[in-house]
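Descriptive analysis of the structure
Here is how the chains run, residue by residue.
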Amino acid sequence: MALALGMTFLFWAAATGVLVGGGSAVSSVRGRGVPAYVSARTAHAALSDADRAAWQSFRSGAAELIGPGQRFRDNLTTAGDSLAHIAERDFGGAAERDLLRAVNAQVVTYQGLVEQADATYREGLEDLGYAYLSYASDLLHGDGGVLARIDEIAKRDLRAIDERRHSAWGGTAAALGTAAAGFALLAVLVYAQAAMARRFRRVFNLPLLAACLVLLGLVMWTANAFLNLDRSFDRAWDRDLPAFDRVVEAQIGTARAGASALRAGGPVDQAEGLDVKAVDDARRPVDARLAGAADTGALAAGVPLLSLAVAGLTGLGFWSRLREFRR
């Protein structure tokens, strides 16, 4: 009886550990990791489009009236908000915070160079204005520039997400280990049932039989929930995040190509700016997948209650046979 009760509480502790640890990993990724990564990619796309918008305004001559234009300012606002969101999430550690400070300083410098280009351009010094605008573009796209550092922030966030995904409490191994503990306990209860049937000449011990059935249901319930958590995590990583990346990367590529063509003196196009709605829509499947992984239903209450039920029924089964023996 002591072995059965001890294994019952061991299974309870293991299931609770996986439930709490896996849920914590999912919540961390959903609430901090994915938003930080999405914000980094959005900031990159917004700054790329800001560069294209500025060149478009200058090449079209609109800069004489409106400077780099409203789209440029909207993109800077989007980038600034995204960088602020990364700081709020604080997901990538101290190294990411250092990178973020450097990026914010460079964005201020970039904006100052574009404003200087605008001022000189309006004074009739067009060549100098274009020179300042070229310096600003180089600050964005050059080695160690703003966009390269933002990409490094995004990579750090991805690595941190992957670490959470492979958390000791959130993987398939933890789920199978918990199930193994449950089936080991079930084997002990079945053995006790068989031993008592031989010793006391009773085919069934109803409390022990009920304990076995409750335990079997609990093991299947926890295993299914934990494996679903692991599968959802993997699918978010393997499918949903890459799909989001493809949407953002397409916009970044279009903005980069447009800015390069305009800088080289190509014709001014009427390309639309950053599609923030498309970025938001691409993110939703990631959020939905992780929300599904975090939803364990009533398991948080079911694990302790049903574990106590197994322990109580097990104790009752042994007690009833011992009382019969004493008679």
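Residues numbered from 1 in each chain as written. Predicted model: local features only at pLDDT ≥ 70, side-chain atom pairs only at ≥ 80, totals over all residues. Heavy atoms only, no water.

1. Re helix 1 (residues 2-60)
Stated formally: A helix here means a DSSP run of H or I that spans at least four residues, while a strand means a run of E at least two residues long, and both kinds are numbered starting from the N terminus. Here a helix's expected span is defined as the number of its residues, less one, multiplied by 1.5 Å. Two axes define the bend at a residue: one fitted to the seven residues ending there, one fitted to the seven starting there, and the bend is the angle between them.
If you check helix 1, its first and last C-alpha atoms are 84 Å apart, about what 59 residues at 1.5 Å a residue would give, namely 87 Å. At V29, helix 1 is bent by approximately 40°, the largest bend along its length. Count one or two residues on from helix 1 and you reach G61, which has phi positive near 85°.

2. Quick look at the packing of helix 1 against helix 4 (residues 93-122)
The cut-off we apply is this: Note on geometry: axes are lines fitted to C-alpha atoms, helical ones only across the stretch in contact, with angles between N-to-C directions running from 0 to 180 degrees. Our angle categories are set so that under 35 degrees counts as roughly parallel, over 145 as roughly antiparallel, 65 to 115 as roughly perpendicular, and the remainder as oblique. Only heavy atoms enter the contact rule, under which two residues are in contact if any of them lie within 4.5 Å. Lys, Arg, Asp and Glu make up the charged group, whereas Ala, Val, Leu, Ile, Met, Phe, Trp, Tyr, Cys and Pro make up the nonpolar group; the residues left over, Gly among them, are polar.
One way to put it is that helix 1 packs onto helix 4 with a least axis distance of 12 Å and a crossing angle of 5°. Between helix 1 and helix 4, the angle is such that the two are roughly parallel. Here helix 1 contributes L47, A50, D51 and F58 to the contact with helix 4, which in turn contributes V107, Y110, A117, D118 and Y121. Split into classes, the residues belonging to the contact of helix 1 with helix 4 amount to seven nonpolar, no polar and two charged.

3. What to know about the nonpolar core
Selection criterion: Buried Ala, Val, Leu, Ile, Met, Phe, Trp, Tyr and Cys residues form a nonpolar core when they are joined through side-chain atoms within 4.5 Å. The classification of residues rests on relative accessible area computed with a 1.4 Å probe and restricted to protein chains. Under 20% of the type maximum is buried, over 50% is exposed, and intermediate values are partly exposed.
L47, F72, L83, Y110, I150 and L290 are the most contacted members of the largest nonpolar core, which has 58 residues in total. At 17 residues, helix 1 tops the list of elements feeding residues into this core. Those residues in contact with L290 that sit more than four places away from it in its chain are V26, V29, R30, V34, F233 and A236. Listed in part, the 26 residues of the second largest apolar core include F11, V18, L299 and V310.

4. Quick word on the packing of aromatic side chains
So the rule is basically this: Any Phe, Tyr or Trp ring, taking Trp's six-membered ring, that has another such ring centre within 6.5 Å forms a pair; planes under 30 degrees apart are called stacked, those over 60 apart edge-to-face, and the others tilted. By the criterion adopted, a ring carries a charge over it if an Arg CZ or a Lys NZ lies within 6 Å of its centre and within 35 degrees of its normal.
Within this structure, the stated rule accounts for eight aromatic pairs. Ring geometry for F58 versus Y121: centroids 5.0 Å apart, planes at 65°, classification edge-to-face. Of this pair, F58 sits in helix 1 while Y121 sits in helix 4; the two residues are 63 residues apart in sequence, bridging distant segments of the chain. Taking the ring centre of Y130 as reference, the NZ or CZ of R59 above it sits at 4.5 Å.

5. Quick look at a nonpolar patch on the surface
Rule in force here: Patches were defined on residues exceeding 30% relative accessible area and lacking a salt bridge, with like-charge contacts within 9 Å and nonpolar side-chain contacts (Val, Leu, Ile, Met, Phe, Trp, Tyr) within 5 Å. Computed with the Shrake-Rupley method and a 1.4 Å probe, the accessible areas treat only the protein chains shown as cover for residues. Each salt bridge in this description consists of a side-chain nitrogen of Lys or Arg and a carboxyl oxygen of Asp or Glu lying within 4 Å of one another.
Together, F183, L216 and M220 give the surface a local cluster of nonpolar side chains, amounting to about 270 Å² of exposed area. Among the structural elements, L216 can be located in helix 8 (residues 206-263).

6. A closer look at the packing of helix 6 (residues 146-165) against helix 8
The line we're drawing: Crossings are sorted by hand: turned counterclockwise from the far helix by less than a right angle, the near helix makes the crossing left-handed, and turned clockwise it makes it right-handed.
At a minimum axis separation of 10 Å, helix 6 and helix 8 run at an interaxial angle of 150°. Comparing their axes, helix 8 and helix 6 come out roughly antiparallel. The crossing of helix 6 and helix 8 is left-handed. When helix 6 is examined against helix 8, the residues L158, I161, D162, R164 and R165 are found in contact with a partner set consisting of F233, D234, W237 and L241. Classifying every residue of the contact of helix 6 with helix 8 by side-chain character gives five nonpolar, no polar and four charged.

7. Topic: the layout of surface pockets
For clarity, the threshold we go by: Only protein atoms enter the 1 Å grid, on which a cavity is a set of points fitting a 1.4 Å probe that cannot get out and a pocket is an open set with protein on both sides within 12 Å along at least 5 of 7 lines, lining residues being those with an atom within 4 Å of a point. Grid points are joined across faces, edges and corners, and a volume is the space filled by probe spheres set on the points.
Its boundaries defined by the atoms lining it, the largest pocket holds a volume of some 160 Å³. Contributing to the lining of the largest pocket are P35, V38, S39, T42, T78, S82, H85, R89, V276, V279, D280 and R283. Of all the elements in the fold, those that place two or more residues in the lining of the largest pocket are helix 1, helix 3 (70-89) and helix 9 (276-294). Within the lining of the largest pocket, the residues separate by chemical class into four nonpolar, five polar and three charged.

8. Some details on the pattern of salt bridges
Summed over all chains, the structure comprises 16 salt bridges. Note that E249 and R41 form a salt bridge whose closest N and O atoms lie 2.6 Å from each other. Within this pair, whereas E249 is found in helix 8, its partner R41 is found in helix 1, the two being separated by 208 residues in sequence. The partly exposed category is assigned to E249, whose relative accessible area is 36%. By relative accessible area, which is 8% here, R41 ends up buried. The residue R89 makes a salt bridge to E88 at a minimum N-O spacing of 3.3 Å. By sharing partners, the salt bridges in this structure join R41, D151, D245 and E249 into a single network.

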